[in-house]
Amino acid sequence: MHMQGKMNDGSPAAEADESEAEAGGHRESIVSLPPPRTTPSSPLPIQPAATNCQNNSNLPPLATRIPNTAFGIPMGLGGNALIWTNLLATKLIPDQTGRILQWSFWVVTLVSAVVVSTCFFVKCRSKLGRDIIREEWRHPARVHFFHGPHLIIIMLTLAAPFPVSRVALQVLWTITAISQSAIALSIYERWMFDPKSELSCGKPQFFLSTVGWFFLLVLGVVAEIDTTWGIDFPAFCLGAGSMFYLIVVVSNFSTLHKSPEGKAQPALFLFLAPPSVGMVGVALYTGEFGLMARAVFGYCIIMLLLLARIGVTIMQDPAVLGVYWAYIFPLAALASASARYAADEGTLGARILCYVLVTIAVLAVAVVLTRMTLHTVVVMKGKAVWGDPIMNGMRDQLSVAVNVNTTFGAGYNKKGELLPSELNRRQR
């Protein structure tokens, strides 16, 4: 699904560059919209997809159409809260400084999660919002962002700057495990049996469905699930996450060359998230940062260098809210893993490596937050919008329907034939 935009630069019909909507798997550009035409049965403004106006006042409020990619914002902040939690646990940072940073990021994560969740609830209350959610669930890439809420719950639990009882940990593990299983199994079934699906359909966003298994491994070890229940569920989660991660990696490596326009998409950094969380889980499970965890750590370092060589797209307008936060969470997860490695290795070189990765993760937060703030200012001035490829596609379909009625009149189909309902009405 594509959307093209034209920038109002004074020249007639000047073409604008398209930007890749990595978080949703679409190509899109930030556009301004002309005065809408609406129909009584349509919840969306209807206008041509490739026209502009000078402001975004014609769009519904963001709270009624907030994309599920926005959950990437509290996920990124939660990942940074975990950095300071791991640095404190490994005594690689002064206690007072670490506590301040841990509390700060934990509170900001909680606030952002509440804000995004509230907006999503408001979105659910409107017909337009429910239609968008339905399309997000059907979309092969955006569906993975429905893992966001339970991943955020796990992050807030693991990064909590206060003690959490074992009973509470086990209850939260059960709730998040049910959510992870229900969503992931639905996605896996669709991937396996959809007639239009194949192995090469895997996208970087698929890693969001994989990383949840590794988070359940970490939380399960902390909650002592295997000891209490007598079933080693954390090991089960490790096996599920490892297998599906390998499948998604193979799928991505075999198909990324077919879409060179997405070469530097932020979602590629999600390659780092599952193994980074997984190696922390393995270290907690075995009580040491052993050979397997170190091997995976080495793989993540090489992948980070590869992604750095490919480059980033931070200077382009964000195609959808939360798209650039895909850089944050994986880098934070890798920094947390480096803290565990440095503590186990106990050498100066390992500590330096840890501090370098932590610095990269913190700088990434600053850059992405600045970029998002700048774009928000532009949106508030009416020169751009927070777009959504899914909503734009829905609007384009409605535009076609309106054009049909404009051509033949209300009550006629696209062939110009009178609809049965209209015929009955006239007969009455």
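Residues numbered from 1 in each chain as written. Predicted model: local features only at pLDDT ≥ 70, side-chain atom pairs only at ≥ 80, totals over all residues. Heavy atoms only, no water.

Let's shift gears to the nonpolar core. By size, the foremost hydrophobic cluster in this structure holds 104 residues, and its most contacted members are Ile83, Leu87, Phe215, Leu272 and Phe329. Contact partners of Leu272, with chain neighbours within four places excluded, come to Cys300, Met303, Leu304, Leu307, Pro330 and Leu331. Ranked by size, the runner-up nonpolar core spans five residues in total, among them Leu128, Ile390, Met391 and Met394. (Core = buried A, V, L, I, M, F, W, Y, C linked by side-chain atoms within 4.5 Å. Buried < 20%, exposed > 50% of the residue type's maximum accessible area, 1.4 Å probe, protein only. Contact = heavy atoms within 4.5 Å.)

The terminal C-alpha atoms of helix α2 (residues 95-125), which comprises 31 residues, lie 45 Å apart, in line with the 45 Å expected from a rise of 1.5 Å per residue. All of the buried residues in α2 are Gly98, Gln102, Phe105, Trp106, Thr109, Ser112, Ala113, Val116, Cys119, Phe120 and Lys123. The inward-facing, buried residues of α2 contact α1 (72-89), α3 (127-138) and α4 (148-158). (Helix = DSSP H or I, 4+ residues; strand = E, 2+ residues; numbered from the N terminus. Expected span 1.5 Å × (residues − 1).)

On the surface, a nonpolar cluster with roughly 430 Å² of combined accessible area is contributed by Trp103, Val107, Val111, Val115 and Phe162. Turning to its location among the elements, Val111 is positioned in helix α2. (Patch = residues over 30% accessible without salt bridge, like charges linked within 9 Å, V, L, I, M, F, W, Y side chains within 5 Å. Areas by Shrake-Rupley, 256 points an atom, 1.4 Å probe, with all protein chains shown as cover. Salt bridge = Lys/Arg side-chain N within 4 Å of Asp/Glu carboxyl O.)

On to the packing of helix α11 (residues 328-345) against helix α12 (residues 348-380), then. It is at 8 Å that the axes of α11 and α12 come closest, and there the two elements cross at 160°. Comparing their axes, α12 and α11 come out roughly antiparallel. The element α11 and its partner α12 pack so that their crossing is left-handed. Here Ile328, Leu331, Ala332, Leu334, Ala335, Ser338, Ala339, Tyr341, Ala342 and Glu345 of α11 come into contact with α12, specifically with Ala350, Arg351, Cys354, Leu357, Val358, Ile360, Ala361, Ala364, Val365 and Val368. Its residues placed into classes, the contact of α11 with α12 shows 17 nonpolar, one polar and two charged. (Axes fitted to C-alpha atoms, helices over the stretch in contact; angles between N-to-C directions. Parallel < 35°, antiparallel > 145°, perpendicular 65-115°, else oblique. Left-handed = near helix turned anticlockwise from the far one by under 90°. Nonpolar A, V, L, I, M, F, W, Y, C, P; charged D, E, K, R; others polar.)

On to empty space enclosed by the protein. Enumeration according to the criterion identifies five cavities of 30 Å³ or more in this entry. In this structure, the largest cavity encloses a volume near 100 Å³. Lining the largest cavity we find twelve residues, and of these Gly72, Phe145, Leu270, Trp325 and Ala326 sit closest to its centre. Elements supplying a minimum of two residues to the lining of the largest cavity: α1 and α11. (1 Å grid on protein atoms, 1.4 Å probe; cavity = no way out; pocket = protein on both sides within 12 Å on 5 of 7 lines; lining within 4 Å. Points joined across faces, edges and corners; volume = space filled by probe spheres on them.)

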